[in-house]
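Structural overview
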Amino acid sequence: MTEEPEVLSDDACGEDPPAEESGTQGPLAELFIALTARSRGEQGKLSIGVERQRLLDALHATPDELTHLLGSLREKIGPLGLEVIEYYIERELWLALRSVHACPNELGVDAQAILGVLMGMIEGEESPETIRIPVADLRDRLVRGRYLSEYQLDSNLKVLESLGFVRRSRSGVGYGPRTLIEYTQERRENIRDQARELVF
């Protein structure tokens, strides 16, 4: 069980659900901070944003009230080139902020190649955010295919996991929060097509 970041306190939110009539500046600021939060659990896995249910509990809000508050936030951050997105991690719905502008990440060529091959194996499947690819399958594609050495594969998987692009478990490797946040579905599908042409 991973440790989750403290997001919103009852004192910050008040006892009543947020409402525009009573002023949303405070809740909006807290919501912005919550959606940009980053933390690592006890296993070192990176989490970005906040679980939707946690927001509802912290704000003492109904789903409709949260939708209204998120709408107000979208109006304020839209001109800044930001948007609110939803993504799933371990079947839990999370909310986070994403820049609408493309921005380079800190991944090296080998790590990007591994992520591209992972997208090639995952995209097109139902509920891709829940899919786990066995490491042996990645090894077959990349090591036996002589694209990478065993060491390069293992070390770059560690980098990808540390930076939040993948999550590893006993069942295999799947998307981490940064992949779901920083790569739109359309972009992931384009990378999938390129990876399949080059590697598959």
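The structure this text deals with has already been given above.
An account of the accompanying structure is given in this report. (Residues numbered from 1 in each chain as written. Predicted model: local features only at pLDDT ≥ 70, side-chain atom pairs only at ≥ 80, totals over all residues. Heavy atoms only, no water.)

Let us now look at the nonpolar core. Tyr87, Leu115, Leu118, Leu138 and Leu160 are the most contacted members of the largest nonpolar core, which has 32 residues in total. For this core, the secondary structure elements donating two or more residues are strand E2 (46-48), strand E4 (82-89), strand E5 (92-99), helix H5 (109-122), helix H6 (135-142), helix H7 (150-162), strand E7 (172-175) and helix H8 (177-182). Excluding anything up to four places from it in sequence, leucine 138 contacts Val117, Leu118, Met121, Ile133, Val143, Leu153, Leu157 and Val173. Formed by 17 residues, the second largest nonpolar core is a distinct cluster that contains Leu28, Ala61, Leu69 and Leu70. (Core = buried A, V, L, I, M, F, W, Y, C linked by side-chain atoms within 4.5 Å. Buried < 20%, exposed > 50% of the residue type's maximum accessible area, 1.4 Å probe, protein only. Helix = DSSP H or I, 4+ residues; strand = E, 2+ residues; numbered from the N terminus. Contact = heavy atoms within 4.5 Å.)

This paragraph deals with the sheet that holds strand E3 (residues 50-51). Pairing is antiparallel across the open sheet formed by three strands, whose spatial order is E3-E5-E4. Here the strands that pair on one side only, and so sit at the sheet edges, are E3 and E4. Taken together, the two bridges between E3 and E5 define a ladder with antiparallel strand orientation. Paired with glutamate 51 across the strands is tryptophan 94, a residue of E5. (Pairing = 2+ DSSP bridges.)

One can find alanine 195 in helix H9 (residues 185-198). When its relative accessible area of 8% is taken as the criterion, alanine 195 is described as buried. It is 5.6 Å that separates the C-alpha atoms of alanine 195 and valine 117, two residues lying 78 residues apart in sequence.

Should their charged atoms come close, side chains of opposite charge can pair. This model, assessed by the stated rule, comprises seven salt bridges. Here arginine 188 ties to glutamate 123 by a salt bridge, and the two come within 2.8 Å at their closest N and O atoms. On the criterion of sequence distance, the pair formed by arginine 188 in helix H9 and glutamate 123 in the loop between H5 and H6 is long-range, its members being 65 residues apart. Residue arginine 188 shares its accessibility class with glutamate 123, and that shared class is buried. Here arginine 144 ties to aspartate 140 by a salt bridge, and the two come within 3.1 Å at their closest N and O atoms. The class for arginine 144 is exposed, based on a relative accessible area of 67%. (Salt bridge = Lys/Arg side-chain N within 4 Å of Asp/Glu carboxyl O.)

As a further point, take the packing of H5 against H6. For the pair H5 and H6, interaxial distance at closest approach is 11 Å and the crossing angle is 115 degrees. One way to sum up the angle between H5 and H6 is to call them roughly perpendicular. Crossing hand, H5 versus H6: right-handed. Contacts between H5 and H6 involve Ile114, Val117, Leu118 and Met121 on the former and, on the latter, Asp137, Leu138, Arg141 and Leu142. Of the residues in the contact of H5 with H6, the class split is six nonpolar, no polar and two charged. (Axes fitted to C-alpha atoms, helices over the stretch in contact; angles between N-to-C directions. Parallel < 35°, antiparallel > 145°, perpendicular 65-115°, else oblique. Left-handed = near helix turned anticlockwise from the far one by under 90°. Nonpolar A, V, L, I, M, F, W, Y, C, P; charged D, E, K, R; others polar.)

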